[in-house]
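What the coordinates show
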Protein chains: 2
Amino acid sequence: MTTAGTADAVAYDPARVVASLRTLAERTGGPDGSRRLCWTPEWLEARALFRESLATLPVEIETDEAGNLWAYLRGASDDMIVVGSHLDSVPKGGWLDGALGVMAGVELIRALAAEGVPPVTVAVVDWADEEGARFGRSLFGSAAVVGSLDTEAAAALVDKEGNKLPEVIGEHGISLDTIDGARTRLQHVKAYLEVHIEQGPVLEAKGLGICTVTGTKGIERERVIFLGQAAHSGTMPMKMRRDTFVAASRFAIALNEIGRRHDGVTTVGHAQCWPGVVTAVPGETRVTMDMRHIDKDALAAMFAEMQQAATDAAEAEGCTVSMEHIFRIPPMPFNPRLLDAARESVREVEGHDVELPSGALHDASEMAREVPTVMIFSSSIAGLSHTKEEDTPDEHLHMAVDAFHRTCRRAIDLVVAGEL
Amino acid sequence: MTTAGTADAVAYDPARVVASLRTLAERTGGPDGSRRLCWTPEWLEARALFRESLATLPVEIETDEAGNLWAYLRGASDDMIVVGSHLDSVPKGGWLDGALGVMAGVELIRALAAEGVPPVTVAVVDWADEEGARFGRSLFGSAAVVGSLDTEAAAALVDKEGNKLPEVIGEHGISLDTIDGARTRLQHVKAYLEVHIEQGPVLEAKGLGICTVTGTKGIERERVIFLGQAAHSGTMPMKMRRDTFVAASRFAIALNEIGRRHDGVTTVGHAQCWPGVVTAVPGETRVTMDMRHIDKDALAAMFAEMQQAATDAAEAEGCTVSMEHIFRIPPMPFNPRLLDAARESVREVEGHDVELPSGALHDASEMAREVPTVMIFSSSIAGLSHTKEEDTPDEHLHMAVDAFHRTCRRAIDLVVAGEL
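Residues numbered from 1 in each chain as written. Chains lettered and ligands numbered in written order. Predicted model: local features only at pLDDT ≥ 70, side-chain atom pairs only at ≥ 80, totals over all residues. Heavy atoms only, no water.

A word on the domain arrangement of chain A
All names here are of chain A. Test applied: Source of the domain bounds: an automatic or database domain assignment. Contacts are residue-level and defined by heavy atoms, with any inter-residue pair within 4.5 Å sufficient. Defined in terms of a 1.4 Å probe, buried area is the accessible area two parts forfeit on being brought together, summed over both. Runs of E in the DSSP output that reach at least two residues are strands. Runs of H or I that reach at least four are helices, and both are numbered from the N terminus. Throughout this entry, Asp, Glu, Lys and Arg are counted as charged residues, while Ala, Val, Leu, Ile, Met, Phe, Trp, Tyr, Cys and Pro are counted as nonpolar. The remaining residues, Gly among them, count as polar.
Each assigned domain of chain A is listed with its residue range as follows: domain 1 (4-217 + 332-416) and domain 2 (218-329). Each of domain 1 and domain 2 has a C-alpha centre, and these two points are 36 Å apart. Opposite the eleven residues of domain 1 that make contact, domain 2 presents eight residues. Of the roughly 700 Å² buried between domain 1 and domain 2 on both sides combined, carbon and sulfur atoms contribute 70%. Three residues stand out in domain 1 for area buried against domain 2, namely Lys-217, Gly-359 and Leu-361, and they jointly supply 66% of the buried area on that side. A per-element tally of the side of domain 1 that touches domain 2 places strand S6 (residues 210-216) first, with three residues. Classifying every residue of the side of domain 1 that touches domain 2 gives four nonpolar, four polar and three charged.

This is the structure in structure tokens:
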């Protein structure tokens, strides 16, 4: 590794990234947390700051057909690496979720531009509506770019105030009819890199600031519906009951054991009983089931065991069970060469080989469908995110930006060497 | 037993009771079931039919300070037996719940009046608002008569349309300030008897039509609140979770086992998770707990085990638990002499000694606080009640009215003999 891209050769300033994040928080945050809900004036304000931070740099700024905002630093080759994340937040969100990756990308561009024309083209992207907090469709912009956005489903989405997604994005010049045009953005892209907060407690528990991310976990989500017989809680003897809440309870405990056994995660997040009164045995209980694993075979095994557990729980209480599909995404393992680059960078910065799969989805999950991808995590204090309490020690943010920066340099080297 | 009250000596017609119930159903029912919600015109219509059925009989009809409607057949003595139940129903209710006991009471009066002046005074009462379907306070009228109505709590009750209980009962000439006057109705009362449908599946499962009721079960109701830590369902490892739904599930299963172990009944009827979304580990889960037993020591043991089960379930998941009191009533065992009278009558009518505690509350639960009380059950098809599907084979209704009638005769004999 002796090209212009070598990590040690360049000046960059992680503190500037943190400073720009604080400015963003001042301009779009408040006592209740961040207010950068996508497709709102405050989100546009965040994008204005993003543009300002690029103002003195030799970049071409473009918005694509899906509302993603791109800044291109043209290189000696059309071959391209893309870095980025998202400026949109959930309502009352945190200051770092997404914004860290965008502002770290700006710093990368700044450092490269200071050195002249880079060997490859480098783009920083602010993905549109990663959170899906308004219409329930997350990864909107990145899914459009890789062609995995179901436009028919998107056309039917409505927010809490009754606004329709097509009309809201229409105000931003976006149409579902032409959104497929955003797919041309993938042309020449050889790698995608993203730095993000962990949004979980693992790094903090290990006493670490950063790590390599091996991929994003696959997810299975189902609504599990137990049907039995509603009855009077006083007059129906125990042994004649078909109690769906007891069945759902057996299922929840079995599901929890499945997650532990496979080193994945499994959750019942919502439960609803019918008739749902203190004096009635529930004749119907609905629970949501979310399970995640980084390995697709393990996820498939967990899913099969979950189905069996639901059947067993229902039968134990004389009930029946059915499922309604909610959501599915396969595991997205990251690129081996980029993973090696990230591992080397993390080792240089924090001196360890710790790596984690991401339990949360990211735009990287979509990009990994089509291009070599990798991510770097910083720690999250108490594992909190999507709340105003979301925070990370400055030192860890600095290390994350540093390791991300080094990984990007290595990615450039790999592209130049024709190895990506 | 050779007095005028002896069961075999008198003509009575159970078919007339069933016919009057069908007339009531025609006049106050419909395709959705019975519409005799208390304090409504349809409830008054039911009471009008009750008055019509008494029109040719030598009774004094009076409404007391709590809205209960009394018909007195004066006897040779002021000593009195009271029979009755309630004409009010839940919305879309069944045709038999309550009305059976009132109409059977009318038939008793008719049979006794045909014989001349009975040895003791006999009253049939239609209790006001047994169901509590509108304001959530069941056993309103009977509680007022025995002095167990909390008038302060009642004053604060509001129905779904925002109507206040004091205003609604005020339209019927009732005031919480003077309701205590209804307690004088207990004067001279030596026994209370009620015939009711089982509202459960036990008699049907035994292939029986009727049985003696040994008392009404005591009830404990609590809201059980588990507190843990809300977390991202993808990023929070299983072993770091404080998952309240898993804790609540452990509790529900343990509670179910407690009910089975003590031959009582235990139910979680309602559950609510917070934040309650598919992607979050629930940081708070609230469930309702209802437990019932006919024996107060067994109920106390069940309650203590329930508290321990809640603590154990919370601790197993790193959560805490607290309880909010909802409701409590002690077991109300019926009078031994009246129970013997009921047993003898059931034996005569259906030839067996089967007896059950009532899992549901009845006006008899209130009356049993103050006077010797007993009940007779008829079967319920499929155990259904509080729905238009509520039904009982005519043959079983006839047997129930017959056994009730015989029991009332025996009660009169016991009063005459000074044994009650």
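Next comes the rest of the write-up.
Points about the environment of Ser-148 of chain A
Residue and element names in this part refer to chain A. Put simply, the rule is: For the purposes of these results, a polar contact is taken to be a pair of N or O atoms within 3.5 Å, where, inside protein, one atom must be able to donate a hydrogen and its partner to accept one; residues adjacent in sequence count only when each atom of the pair is a side-chain atom.
Mapped onto the elements, Ser-148 comes out in the loop between helix H4 (140-146) and helix H5 (151-155). Between the alpha carbons of Ser-148 and Glu-257 there is a distance of 33 Å; along the sequence they are 109 residues apart. Beyond its immediate chain neighbours, meaning those up to four positions away, Ser-148 contacts Arg-137, Ala-143, Glu-366 and Arg-369. Polar side-chain contacts of Ser-148 include one of 2.5 Å to the side chain of Glu-366.

Quick look at the relation of the copies chain A and chain B
We apply this condition: The least-squares superposition of copies is restricted to C-alpha atoms, and to residues with a pLDDT of at least 70 in both copies.
After a rotation of 180° and a shift along the axis of 0.1 Å, chain A superposes on chain B with an RMSD of 0.1 Å. Each copy turns onto its partner about a two-fold axis. Minimal C-alpha distance to the rotation axis in chain A is attained by Ser-249 of chain A, lying at 2.1 Å. Take the interface residues of chain A: 98% of them recur as interface residues in chain B, which is what a same-surface contact looks like.

As for the pattern of salt bridges
Operational definition: The salt bridge criterion pairs a side-chain nitrogen of Lys or Arg with a carboxyl oxygen of Asp or Glu, the two atoms within 4 Å. Partly exposed describes any residue whose relative accessible area lies between the buried limit of under 20% and the exposed limit of over 50%, with all areas from a 1.4 Å probe on protein chains only and scaled to the type maximum.
Under the defined criterion, the tally for this structure stands at 58 salt bridges over all chains. Arg-292 of chain A is paired through a salt bridge with Asp-290 of chain A; the nearest N and O atoms lie 3.0 Å apart. Taken individually, Arg-292 of chain A and Asp-290 of chain A each receive the classification buried, so the pair is uniform in this respect. Taking the shortest distance from any N to any O, the salt bridge between Asp-394 of chain B and Arg-22 of chain B comes out at 2.7 Å. Of the two residues, Asp-394 of chain B sits in helix H12 (residues 394-416) while Arg-22 of chain B sits in helix H1 (residues 14-28), which places them 372 residues apart along the sequence.

What to know about the pairing of strand S7 (residues 218-227) of chain A
Residues and elements named next belong to chain A. Using the following cut-off: Pairing between strands is defined by DSSP: at least two bridges between the two strands are required.
Within S7, eight of the ten residues are buried, which leaves it mostly tucked inside the rest of the structure. In terms of strand pairing, S7 meets strand S12 (residues 284-293) through ten bridges, oriented antiparallel. Following the sheet pairing, Ile-219 is matched in S12 by Arg-292.

Considering the packing of aromatic side chains
Inclusion rule: Between 30 and 60 degrees the pair is tilted, below 30 it is stacked and above 60 it is edge-to-face, where a pair is any two Phe, Tyr or Trp rings, Trp via its six-membered ring, whose centres lie within 6.5 Å.
The full count for this structure, using the stated rule, is 13 aromatic pairs over all chains. Between Trp-39 of chain A and Trp-43 of chain A the ring centres are 5.1 Å apart and the planes differ by 65°, which places this aromatic pair in the edge-to-face class. Grouping residues by exposure puts Trp-39 of chain A and Trp-43 of chain A together as buried. Here Trp-39 of chain B and Phe-140 of chain B contribute two aromatic rings whose centre-to-centre distance is 5.8 Å and whose plane-to-plane angle is 90°, an arrangement assigned as edge-to-face. Taken as a pair, Trp-39 of chain B in the loop between H1 and helix H2 (41-54) and Phe-140 of chain B in helix H4 (residues 140-146) lie far apart in primary sequence, 101 residues in all. We note that Trp-39 of chain B, like Phe-140 of chain B, is buried.

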